[in-house]
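In case you want the letters, here they are:
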Amino acid sequence: MTLIHMFSVSQFGCGVNNLAPTNNVPTTKKPSPKYLITKLKQAVNRLRILSNQHTRVGDGESDSSTTTSSCDSDVDGASAARVDDEVTQAVRKDLCPALSAILCNGLVYDAIGKSSALMNPISCILPRSLTSPPDEGDMHAWELLVEYYRSKNGALLAKLPHRMLSRAFNLEDLVGGDEENHPNIHTARRSLLEAVNQVLSEHRPLKRSNEDMFKAFVCLGLNGKRLSQWLHIISHSTVLISSHYTDDSYTAKVGLDGVVTVISKLDSVNFRLPVDVAVRPFKNIRDAF
């Protein structure tokens, strides 16, 4: 094995980066798994509290006891709008960053190339993924979702005639589907691919960022009560996980089952989150002309 390692270094340059001294390279302390999951739990708990407030407002329980009866409807409407906005902000500013921090922890374009050639000598002669950039570096969680989408031919699925007809005539909800009547993993996987396709179709032409598209994806998942299912599917994609997560990543060390459990606490919440926040200004400009 040592001879193979020496041969791979001399012939392919594999493992050179791992052998280079790092004394002069400043290192930043990575957040611990406990810290990352705690932040996610806090974000989920805050959303559950806000959703309970929304339910009370929807049932006619006003925060103000001094409001006259003639203004009750206006107050209730304003209160509901305020809570809706708070929920949206909590999702986009608390939940999405907390979930992204876990998924992006140790997420790289080429995890195999970052491993020691002594352990993976064959990785030196394997071709890089055609979807990966030539240089190594950190990868965004949204890019991981897009790679899964491409590996399952998601674009082809979205173009199937029966899928287009169903969506055109609102025969089924895009991310809700019919899983209650036909519970199976294929329905959840299909809805995952369609959600990624929708976000790409709406955001990529306007050159929105990976973070914007990830937030739209999370909102779609919450609206359809499927986010935990989608994360479960991604976490069990062995090839995807082993190709893009380093050995010291949260996903490699802890796994995502705990994350799925935490997110599943939101499955019972009825969300009505906007999924076009990043593209709405451009839509408004287009509609104006």
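Refer to the structure above for everything that follows.
Residues numbered from 1 in each chain as written. Predicted model: local features only at pLDDT ≥ 70, side-chain atom pairs only at ≥ 80, totals over all residues. Heavy atoms only, no water.

**Q** An account of the overall build of the chain is needed here, citing residue identities and associated values.
**A** Of the regular secondary structure elements, the chain holds 15 helices and zero strands. Split into buried and exposed, the 289 residues of the chain put 39% on the buried side. Pairs at least 24 apart in sequence give 77% of the contacts found in the chain among residues at least 6 apart. Of the accessible surface of the chain, which amounts to about 16700 Å², a share of 55% is contributed by carbon and sulfur atoms. (Helix = DSSP H or I, 4+ residues; strand = E, 2+ residues; numbered from the N terminus. Buried < 20%, exposed > 50% of the residue type's maximum accessible area, 1.4 Å probe, protein only. Contact = heavy atoms within 4.5 Å. Areas by Shrake-Rupley, 256 points an atom, 1.4 Å probe, with all protein chains shown as cover.)

**Q** Tell me about the environment of L193, residues and numbers included.
**A** By the element assignment, L193 lies in helix α9 (residues 185-203). In contact with L193, not counting residues within four places along its chain, are Y148, Y149, K152, G154 and L157.

**Q** So what about the environment of V275? Which residues, and what values?
**A** Looking at the secondary structure, you find V275 in the loop between α14 (257-263) and α15 (280-288). Overall, V275 belongs to the buried group, its relative accessible area being 17%. Linking V275 and M213, residues 62 residues apart in sequence, is a C-alpha distance of 9.1 Å. Apart from residues lying up to four places away in sequence, V275 is in contact with Q198, H203, A216, C219, L220 and N223.

**Q** Describe in detail the packing of aromatic side chains, supporting the description with residues and values.
**A** For any pair of aromatic rings, the description consists of the separation of the ring centres together with the inter-plane angle of the planes. In total, this model carries two aromatic pairs according to the counting rule given. By the ring-pair criterion, three or more aromatic residues cluster together here, those being W142, F217 and W230. (Phe/Tyr/Trp six-rings, centres within 6.5 Å; stacked < 30°, edge-to-face > 60°.)

**Q** Would you mind going over the nonpolar core in detail, with residue names and values included?
**A** Formed by 61 residues in total, the largest nonpolar core has its most connected members in L40, V91, L95, W142, F217 and V259. Contributions of two or more residues to this core are made by α3 (33-58), α4 (72-104), α6 (141-151), α9, α10 (210-223), α11 (227-235), α12 (238-244) and α14. If you tally residues by element for this core, the top one is α4, at nine residues. (Core = buried A, V, L, I, M, F, W, Y, C linked by side-chain atoms within 4.5 Å.)

**Q** So, α11: which residues are in play, and what are the values?
**A** Among the nine residues in α11, seven count as buried, and that is most of the element. For α11, the set of buried residues is L227, S228, W230, L231, I233, I234 and S235.

**Q** Pulling in residues and values, what's your account of the pattern of salt bridges?
**A** The final tally for this structure, using the stated rule, is three salt bridges. A salt bridge links D248 to K30; the nearest nitrogen and oxygen atoms lie 3.0 Å apart. Here D248 is found in the loop between α12 and α13 (250-253), whereas its partner K30 is found in the loop between α2 (16-19) and α3, with 218 residues between them in sequence. Among the residues examined, D248 registers a relative accessible area of 38% and is labelled partly exposed. D94 is paired through a salt bridge with R46; the nearest N and O atoms lie 2.8 Å apart. Of this pair, D94 sits in helix α4 while R46 is found in helix α3, placing the two residues 48 residues apart along the sequence. On the basis of relative accessibility, which here comes to 40%, the residue R46 falls in the partly exposed class. (Salt bridge = Lys/Arg side-chain N within 4 Å of Asp/Glu carboxyl O.)

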